[in-house]
Amino acid sequence: MGGQPAHGYGHGGRHGRRGGDGAMRSAQLDEFRANKSRKWELRDIFGYIVEFSGDQHGSRFIQQKLESATSEEMEIIFDEIVPQYAIQLMQDVFGNYVVQKMFEYGTAAQKARLVATMEGQILGLSLQMYGCRVVQKAIEHILPEQQAVFVQELSPSVLRCVKDANGNHVIQKLIEHVAPERLGFATAFRGSVYELSTHPYGCRVLQRCFEYMPEDQTRPLLDELHKYVPNLMIDQFGNYVVQFVLEHGKAQDRAMIISKLTGQMYNMAKHKFASNVCEKALVTADPESRRKLIDEIMTPKQDGLSPIMGLMKDSFGNYVLQRALTVADPDQRELLINKVRPHLVNMRRYSSAYSKHLSAIERLLEKFSSGDAVQTEGAVESS
């Protein structure tokens, strides 16, 4: 059925006429769409629930009414939709919202009826644009043993779901709401950590694993991740996974990532993606590691050139330099400012090419010289 509105279900054609969009509509839906002054109630559309659910205005009406429906009204609505039209409406551009509300406000018995219609079709629904929203809502509102049915159906295709624009959201929702011992996903991800980290959807799923799963499930994944950290830092998606571990991971994992940055700080700071990792490392590192990283960008290179000059000129490196100024200890910041200031004067004198970068650095220096230093993660100016 895809994204086609659910026109024509149930009583869609009775005494109907063809609307401007070419769909057959019942006289009842025509009246509803035309007569906005009438105070409509759910009982006015009984017998037409499926058709109304597939109409933009009808769907919105049912959604609003479901929030305060009586148990009798709720039962009638379920009886009209389940089981015959449930799957069709779940995959419908307007109908999916009605089914989501049914999961939110239905009784345990009613939700069990809905789940029963989904069994055997959970993979297909998870990969479909509208169906995946219903599956996610269901996961939030059903019992653990019902969630287990979803896990069981999706487990053989978990990597396919992770790499799918719709399916990845379902996998993330399962990781967030299902007890870890009921999920075998972490095992399925072993051996694929690099592939997932560098995937636009896989990188999100991996972060949810690190966020919600216990150490015994994530440790093999993290150990695998550490093998690829230098490559992941420079990847457009992998850098987010590395940043996540720096911010939320254990001290040992943070230390391992920072050790991979050590000696590479200058090159990584000038890289579009790795520069974000450099900033996150400066913010999350322990004081001693932070000093080492900042020392590294202050120390002249073997050719005698100052790395600071290179960072000031660079469209990514200048943000890392700003971050270093913001998070450095007062004594180290003083040293850094003393190295930055002469370059600032020279660069202002000979070129206007870097004025945007330099203005942000100048403002930071002014702030620190006035004693207004605040060590916050958000202190660096964005372009």
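Okay, so let's go over this structure.

Reading the values: rules and limits
- Residues numbered from 1 in each chain as written.
- Predicted model: local features only at pLDDT ≥ 70, side-chain atom pairs only at ≥ 80, totals over all residues.
- Heavy atoms only, no water.
- Buried < 20%, exposed > 50% of the residue type's maximum accessible area, 1.4 Å probe, protein only.
- Helix = DSSP H or I, 4+ residues; strand = E, 2+ residues; numbered from the N terminus.
- Arc of directions from axis to C-beta.
- Contact = heavy atoms within 4.5 Å.
- Phe/Tyr/Trp six-rings, centres within 6.5 Å; stacked < 30°, edge-to-face > 60°.
- Lys NZ or Arg CZ within 6 Å of the ring centre and 35° of its normal.

## Things to note about helix α4 (residues 71–81)
An α-helix turns once every 3.6 residues. As a result, residues three or four positions apart point the same way.
At step 1: Among the residues of α4, those classed as buried are E73, M74, I77, F78 and I81. The arc that holds the buried residues of α4, viewed along the axis, is 135 degrees, so those residues lie on one side. Opposite the packed face of α4, turned more than 90 degrees from it, sit the exposed residues S71 and E72.
At step 2: Looking at the buried positions of α4, the neighbouring elements they touch are α2 (49–53), α3 (56–66), α5 (86–90), α6 (95–105) and α7 (108–118).

## Side note on α6
At step 1: With respect to burial, α6 is a largely interior element, eight of its 11 residues being buried.
At step 2: All of the buried residues along α6 are G95, N96, V98, V99, Q100, K101, M102 and F103.
At step 3: Close packing links the buried residues of α6 with α2, α3, α4, α5, α7 and α9 (131–141).

## Some words on the packing of aromatic side chains
At step 1: In this structure the tally under the stated criterion is four aromatic pairs.
At step 2: Pairing Y194 with Y228 gives two aromatic rings, centres 5.1 Å apart and planes at 50 degrees, and the pair type is tilted. Within this pair, whereas Y194 is found in helix α14 (residues 193–197), its partner Y228 is found in the loop between α16 (215–226) and α17 (229–233), the two being separated by 34 residues in sequence.
At step 3: Owing to a relative accessible area of 29%, Y228 belongs among the partly exposed residues under this scheme.
At step 4: Joined through ring pairs, the aromatic side chains of F32, W40, F52 and F61 make up one cluster.
At step 5: The aromatic ring of F368 is capped on one face by R333, whose charged end is 4.3 Å from the ring centroid.

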